[in-house]
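Understanding the architecture of this molecule
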Amino acid sequence: MRLTERGRDAAALVAGAAWPLAFAPLNWWPVAPASLVALFLLLDGSAPRRAAMRGFAFGAGLFGAGVWWVFISMNHFGGLHWSLSAVITVVLIATLALFPAGFGWLAARWQPIAGGWRWLVGLPALWVAVEWLRSWLLSGFPWLLAGYAVDDTPLGAWAPVSGVLALSAGIAVTAGAFAWLLRTPRPRTAVIGAIVCGVVWGSGAVLSRVEWTSRGGAPLDVALLQGNIGQDIKWASSSLVPTIDLYQGLTEQHWDADLIVWPEAALPALKHQLDPYLDELAARAARNEASIVMGILVREGTAAPFDYFNAVLSLDDGGLYYKRHLVPFGEFFPIPGFMREWLRMLSLPYSDFTRGPRDQPPLRAAGQALAASICYEAAYGAEMIRALPEATLLVNVSNDAWFGDSIAPHQHLQIVRMRAREASRWLVRATNSGITAVVAPDGRLAATIPQFEVGVLRASVQPLAGATPYSRTGNWPLLILIGVLLGVSARLRYA
């Protein structure tokens, strides 16, 4: 059956809407290459304008089904009226859909019309380039990149070599091979496609045997605290003392741990307001030969206007890590000042947060160097590797209570797992409401505790030394290769 143009547009929308099924919490990873196969074929033979519209439909389905939880953050917890929350959510989805739209236009305008190069090289390279662009342009939104879907497959072993985009490339090449076979069902097509896919997936199986890092000290016994403070009451003035008592009580039960981690902005106050308590807590930790690392809000400056930072504090030496990648409309407002109160999402009595310095030394705690990250910035792999190879352990603090009981916390944890695999380090993650977890260097979940419960996760982790290829070079080798391949594709189109 041959689809009409409108039928193909509708099919692109459905293919995009299926995309999130490949990711957590369902993890039906074959859906990702299948969705790309559908998109590649639906774009085949389309004029640039129509291809852009079809790509936009794919993106609307993808992000509509994949990031609808933004509405929960704004309406239920941010206090925005449901109508305004809906409008902002739709605008975000439409903006993100412009990236697949651009992919469609460029595929029709600059890629070879037919042949193995189009399907096995041109379209996959273009898809990876667009994912990379989406990960940083206008602050970036690197959510639901194809590579995250296949972390638990042989392709996952490419993460320490070239990062999550290398896994996206493997998915795209696989999709291109199947699309080529469906478009041109010949024995030669099948053989070449099978060889290419065999190399892509087989190389991952070989790389999985490589040990990129080695022991960097004695194992650490860690305790990760999950307070499960409701977002709707967290910043009420009446919550400060009960929150301190809760985390103090959880800590008292685990002084035998080497490293105790509290979640993002664990206490609803600024650091200078808590200094006497923090000094006493640090003294108690020292007496028990334990180290505490916690998320905390920091005000700097001697007079208004002050600078406010979302930070991680080590009580060992008072060292601070300041969050570098802030969330637009969540931690800062890239809009005129007169609109800020109208659109403010967070119930915080403070100004916009200030971005932390680009390069910061690792935190020191429990005799180790820690690469810290806060919440959403764990989605930026190229930024997290800046503390490597000096850091021997990754620490992430977060507060996913903003997303309620949606798919977002599961997607977020899947992203965090990739950071452990890229660095080939153990990663410990303490969150307010879950999912608190310990992640092994191969991305495997070593331990978790349920969401929406008060609890402490205990585990033993091994500090690791050494550097993966990705931690040394970041995305640049892959991006240079992609650029060369796209240049060849454009030349072949008009040769």
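Cut-offs and rules
- Residues numbered from 1 in each chain as written.
- Predicted model: local features only at pLDDT ≥ 70, side-chain atom pairs only at ≥ 80, totals over all residues.
- Heavy atoms only, no water.
- Pairing = 2+ DSSP bridges.
- Helix = DSSP H or I, 4+ residues; strand = E, 2+ residues; numbered from the N terminus.
- Axes fitted to C-alpha atoms, helices over the stretch in contact; angles between N-to-C directions.
- Contact = heavy atoms within 4.5 Å.
- Buried < 20%, exposed > 50% of the residue type's maximum accessible area, 1.4 Å probe, protein only.
- pLDDT = per-residue confidence, 0-100.
- Parallel < 35°, antiparallel > 145°, perpendicular 65-115°, else oblique.
- Left-handed = near helix turned anticlockwise from the far one by under 90°.
- Polar contact = N/O pair within 3.5 Å; in protein donor to acceptor, adjacent residues only side chain to side chain.
- 1 Å grid on protein atoms, 1.4 Å probe; cavity = no way out; pocket = protein on both sides within 12 Å on 5 of 7 lines; lining within 4 Å.
- Points joined across faces, edges and corners; volume = space filled by probe spheres on them.
- Nonpolar A, V, L, I, M, F, W, Y, C, P; charged D, E, K, R; others polar.
- Patch = residues over 30% accessible without salt bridge, like charges linked within 9 Å, V, L, I, M, F, W, Y side chains within 5 Å.
- Areas by Shrake-Rupley, 256 points an atom, 1.4 Å probe, with all protein chains shown as cover.
- Salt bridge = Lys/Arg side-chain N within 4 Å of Asp/Glu carboxyl O.
- Phe/Tyr/Trp six-rings, centres within 6.5 Å; stacked < 30°, edge-to-face > 60°.
- Core = buried A, V, L, I, M, F, W, Y, C linked by side-chain atoms within 4.5 Å.

1. What to know about the sheet that holds strand β7 (residues 363-365)
- If you walk across this open sheet you meet the six strands as β7-β8-β9-β10-β11-β12, and the pairing is mixed. Where the open sheet ends on each side, the last strands, each with one partner, are β7 and β12 (445-448). Taken pair by pair, the neighbouring strands of this sheet meet at an average axis angle of 25°, ignoring direction.
- Against the sheet, helix α14 (residues 408-423) touches β9 (393-398), β10 (427-431), β11 (437-439) and β12, its axis set at about 155° to β10.

2. So, unusual backbone geometry
- Geometrically, the link from alanine 24 to proline 25 is a cis peptide bond, its omega value of 10° lying close to zero.
- With a phi angle near 60°, leucine 144 is a residue other than glycine that sits in the positive phi range.
- For glutamate 289, which is not glycine, the phi torsion reads 55° and is therefore positive.
- The residue glutamate 289 is located in the loop between α11 (271-287) and β4 (291-300) in this model.
- When its relative accessible area of 72% is taken as the criterion, glutamate 289 is described as exposed.

3. Some details on the confidence of the model for the protein
- Residues with a pLDDT of 70 or more make up 95% of the protein, whose mean pLDDT is 93.
- Contacts of residues 345-350 to residues separated by more than four positions or lying in other chains number 23 contacts, the stretch itself having pLDDT below 50.

4. Quick look at the side chain of glutamate 422
- Within the secondary structure, glutamate 422 sits in helix α14.
- Not counting residues up to four positions away in its chain, the partners in contact with glutamate 422 are Ala159, Pro160, Gly163, Val164, Gly381, Thr468 and Tyr470.

5. Some words on the packing of helix α6 (residues 116-134) against helix α16 (residues 476-493)
- Across the interface, α6 lies against α16 with an axial gap of 9 Å and an inter-helix angle of 130°. The angle between the axes of α6 and α16 places the two elements in the oblique class. The interaxial crossing formed by α6 with α16 has left-handed handedness. Of the residues in α16, those in contact with Trp117, Val121, Gly122, Ala125, Leu126, Val128, Ala129 and Trp132 of α6 are Leu479, Ile482, Leu485, Leu486, Val488, Ser489 and Leu492.

6. Some words on the side chain of threonine 89
- Within the secondary structure layout, threonine 89 lies in helix α5 (residues 82-110).
- Looking at threonine 89, its side chain comes within polar contact range of the main-chain oxygen of serine 85, at 2.8 Å.

7. Comments concerning the pairing of strand β8 (residues 368-374)
- For β8, the tally of buried residues reaches seven of seven residues, placing the bulk of the element in the interior.
- Alignment of β7 against β8, held across three bridges, turns out to be antiparallel. Paired with leucine 363 across the bridge in β8 is leucine 370.
- Between β7 and the antiparallel strand that follows it, β8, lie two residues; alanine 366 among them carries a positive phi value of about 55°.
- As judged from the five bridges shared by β8 and β9, these two strands associate in the parallel manner. Counted as the bridge partner of alanine 372 is valine 395 from β9.

8. A few points about the layout of surface pockets
- Each pocket or cavity is described by its volume, and for the second largest pocket that value is around 530 Å³.
- Of all the secondary structure elements, the ones that give two or more residues to the lining of the second largest pocket are α8 (164-183), α13 (381-384), α14, α15 (469-473) and α16.
- Considering every element that reaches the lining of the second largest pocket, the biggest residue donor is α15, with four residues.
- By residue class, the composition of the lining of the second largest pocket is 14 nonpolar, eight polar and seven charged.

9. Observations concerning a nonpolar patch on the surface
- Judged by side-chain polarity, Trp476, Ile480, Val484, Val488 and Leu492 come together as a nonpolar surface patch covering roughly 500 Å² of accessible area.
- Structurally, valine 488 can be placed in helix α16.
- Accessibility expressed as a relative area gives 33% for valine 488, which makes it partly exposed.

10. Focus on the pairing of β4
- Of all ten residues in β4, eight are buried; the element is thus mostly enclosed.
- When strand β3 (residues 259-261) meets β4, the two strands line up parallel, connected through three bridges. Of the residues in β4, the one forming a bridge with valine 261 is valine 293.
- The hairpin turn running from β4 into strand β5 (residues 307-314), its antiparallel successor, is six residues long, and glycine 301 in that turn takes a positive phi close to 115°.

11. Some remarks on the pattern of salt bridges
- This structure, assessed with the given rule, holds 19 salt bridges.
- Linking aspartate 9 and arginine 50 is a salt bridge whose minimum nitrogen-to-oxygen distance equals 2.4 Å. In this pair, aspartate 9 is assigned in helix α1 (residues 5-18) and arginine 50 in helix α3 (residues 48-66), connecting sequence segments 41 residues apart.
- Among the ionic pairs, aspartate 151 bridges to arginine 417, the shortest N-O distance being 3.9 Å.

12. Points about the packing of aromatic side chains
- Taken as a whole and judged by the stated rule, the model has 15 aromatic pairs.
- Geometrically, the ring pair formed by tryptophan 143 and tyrosine 376 is stacked, given 6.2 Å between the ring centres and 15° between the ring planes. Of this pair, tryptophan 143 sits in the loop between α6 and α7 (159-162) while tyrosine 376 sits in the loop between β8 and α13, and the two are 233 residues apart along the sequence.
- Using a relative accessible area of 2% as the deciding quantity, one classes tryptophan 143 as buried.
- We classify tyrosine 376 as buried; its relative accessible area is 9%.
- Centroid distance tyrosine 247 to tryptophan 262: 5.2 Å. Interplanar angle 20°. Geometry classified as stacked. Residue tyrosine 247 is located in helix α10 (residues 240-252), and its partner tryptophan 262 is located in the loop between β3 and α11; the two are separated by 15 residues in the primary sequence.
- On the basis of relative accessibility, which here comes to 0%, the residue tyrosine 247 falls in the buried class.
- Judged by relative accessible area, which is 0%, tryptophan 262 ranks as buried.

13. Examining the nonpolar core
- One finds Trp19 and Val67 to be the most contacted residues of the largest nonpolar core, which totals 106 residues.
- If we skip the residues at most four places from it in the chain, tryptophan 19 touches Val31, Ala32, Ser35, Leu36, Phe58, Leu62, Trp127, Glu131, Leu144 and Ala146.
- Trp255, Ala257, Leu281 and Ala285 belong to the second-largest nonpolar core, a separate cluster that totals 28 residues.

14. A closer look at the sheet that holds strand β6 (residues 320-322)
- Judged by pairing direction, the sheet is mixed, and its six strands sit side by side in the order β6-β5-β4-β3-β2-β13 without closing on themselves. A strand with exactly one partner marks an edge of an open sheet, and here the two such strands are β6 and β13 (455-461). The sheet shows a mean angle of 30° between the axes of neighbouring strands, direction not considered.
- When strand β2 (residues 220-226) meets β3, the two strands line up parallel, connected through three bridges. The residue bridging valine 222 from the neighbouring strand is leucine 259, located in β3.
- Sheet strands in contact with α10 are β2, β3, β4 and β13, and its direction is about 155° off that of β2.
- In the packing of α11 onto the sheet, the strands contacted are β4 and β5, and the crossing angle to β4 comes to about 165°.

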